[in-house]
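Chain residues, written in single-letter form:
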Amino acid sequence: MMEGELIELYQLTLQELDPELALKTIRLLFTDKDRTMFYLLLTTHDPTGALALNEILDNAESREYELREEHKNVVKKQGQLSLFESGMDDPAKPTAKNPDHTHIANLIYERCKEERIWFREVLRRMSDDPYYYGDIREAMKKLKKDKRVSYKILRNSMDMSFS
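Thresholds, definitions, all that
Residues numbered from 1 in each chain as written. Predicted model: local features only at pLDDT ≥ 70, side-chain atom pairs only at ≥ 80, totals over all residues. Heavy atoms only, no water. Helix = DSSP H or I, 4+ residues; strand = E, 2+ residues; numbered from the N terminus. Rg over C-alpha atoms; globule rule 2.2 N^0.38 Å. Buried < 20%, exposed > 50% of the residue type's maximum accessible area, 1.4 Å probe, protein only. Contact = heavy atoms within 4.5 Å. Polar contact = N/O pair within 3.5 Å; in protein donor to acceptor, adjacent residues only side chain to side chain. Phe/Tyr/Trp six-rings, centres within 6.5 Å; stacked < 30°, edge-to-face > 60°. Lys NZ or Arg CZ within 6 Å of the ring centre and 35° of its normal. Salt bridge = Lys/Arg side-chain N within 4 Å of Asp/Glu carboxyl O. Pairing = 2+ DSSP bridges.

### Considerations on the overall build of the chain
What the chain contains, in helices and strands, is five helices and five strands. Taking 15 Å as the expected radius of gyration for a compact globule of 163 residues, we find that the chain reaches 20 Å, considerably beyond that expectation. Relative to its full complement of 163 residues, the chain shows a buried share of 26%. For the chain, the share of sequence-separated contacts (at least 6 apart) that also reach a separation of at least 24 residues comes to 56%.

Dropping the structure here:
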């Protein structure tokens, strides 16, 4: 609990120093237990980059899994069967994410309702979430279709009004 409060305090301190800063928190776990080893707090003035990092990290996680599996196959003894060679899915295997754009749209709306802001600010507010830039764009299109936001063109420097 204290760990979470310290992270939150550090994030607040960084945000107070520069309100335009986009923060991205990455929790690194010990490989053998569900416990945090490190927190990486990345800061950027480009929220698009913070969201692109989500895709990079997901791809890295998938590649890490593949490399570990290749290594296991090289070092394991001949004739020894793995638990997951029987056709069962390995629960540790990273799966493709299929985000719910309605859920993302609702999150954006809750964070931005009744405001007139730039799209860049919307991206900044979503930068610590696990979504990709394309997911945010799709959610914004849904919000526009539902008439909860109005804008002309979806660009970082475009201002928009949330109802």
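Read on for the rest.
### Some details on the environment of K113
Relative to the elements of secondary structure, K113 occurs in the loop between α3 (101–112) and β3 (116–118). For K113 and S163, which are 50 residues apart along the polypeptide, the C-alpha to C-alpha distance reads 6.0 Å. Here E110 takes part through its side chain, which lies 3.2 Å from a polar atom of the side chain of K113.

### Brief notes about the packing of aromatic side chains
All chains considered together, the criterion is met by one aromatic pair. Centroid distance F119 to Y133: 6.4 Å. Interplanar angle 55°. Geometry classified as tilted. Highlighted residues: F119 in helix α4 (residues 119–125) and Y133 in helix α5 (residues 133–145), separated in sequence by 14 residues. On the basis of relative accessibility, which here comes to 0%, the residue F119 falls in the buried class. The aromatic ring of Y151 is capped on one face by K144, whose charged end is 4.5 Å from the ring centroid. The positively charged end of R148 is found above the aromatic ring belonging to Y109, 4.8 Å away from the centroid.

### With respect to the pattern of salt bridges
Applying the stated criterion across every chain, the model contains ten salt bridges. Here E66 ties to R63 by a salt bridge, and the two come within 3.2 Å at their closest N and O atoms. One end of the pair, E66, and the other, R63, are both in helix α2 (residues 47–75), three residues apart, so they sit about a helical turn from each other. Taken together, the shared-partner salt bridges connect E115, E121, R124 and R125 into one network.

### Observations concerning the sheet that holds strand β5 (residues 159–162)
Strand order in the open sheet formed by three strands is β3-β5-β4, and the pairing between neighbours is antiparallel. Sheet topology places β3 and β4 (149–150) at the edges, where each strand pairs with a single neighbour. Where β4 and β5 come together, two bridges link them in antiparallel fashion. Each bridged residue has a counterpart across the sheet, and for S150 the counterpart in β5 is S161.

### A word on the pairing of strand β1 (residues 22–29)
Two strands pair when backbone bridges link them, and β1 and strand β2 (residues 36–44) are joined in this way by eight bridges, in the antiparallel orientation. From the neighbouring strand, L29 faces β2, where its bridge partner is T36. The turn linking β1 back onto β2 is made up of six residues.

### A short note on the side chain of N54
Mapped onto the secondary structure, N54 falls in helix α2. N54 sits in the buried class, given a relative accessible area of 6%. For N54, the residues in contact, after removing those within four places along its chain, are K24, D129, P130, Y131 and Y132.

### Structural notes on the environment of A92
Of note, A92 is situated in the loop between α2 and α3. Sequence-wise, A92 and Y151 are 59 residues apart; in three dimensions their C-alpha atoms are separated by 42 Å.

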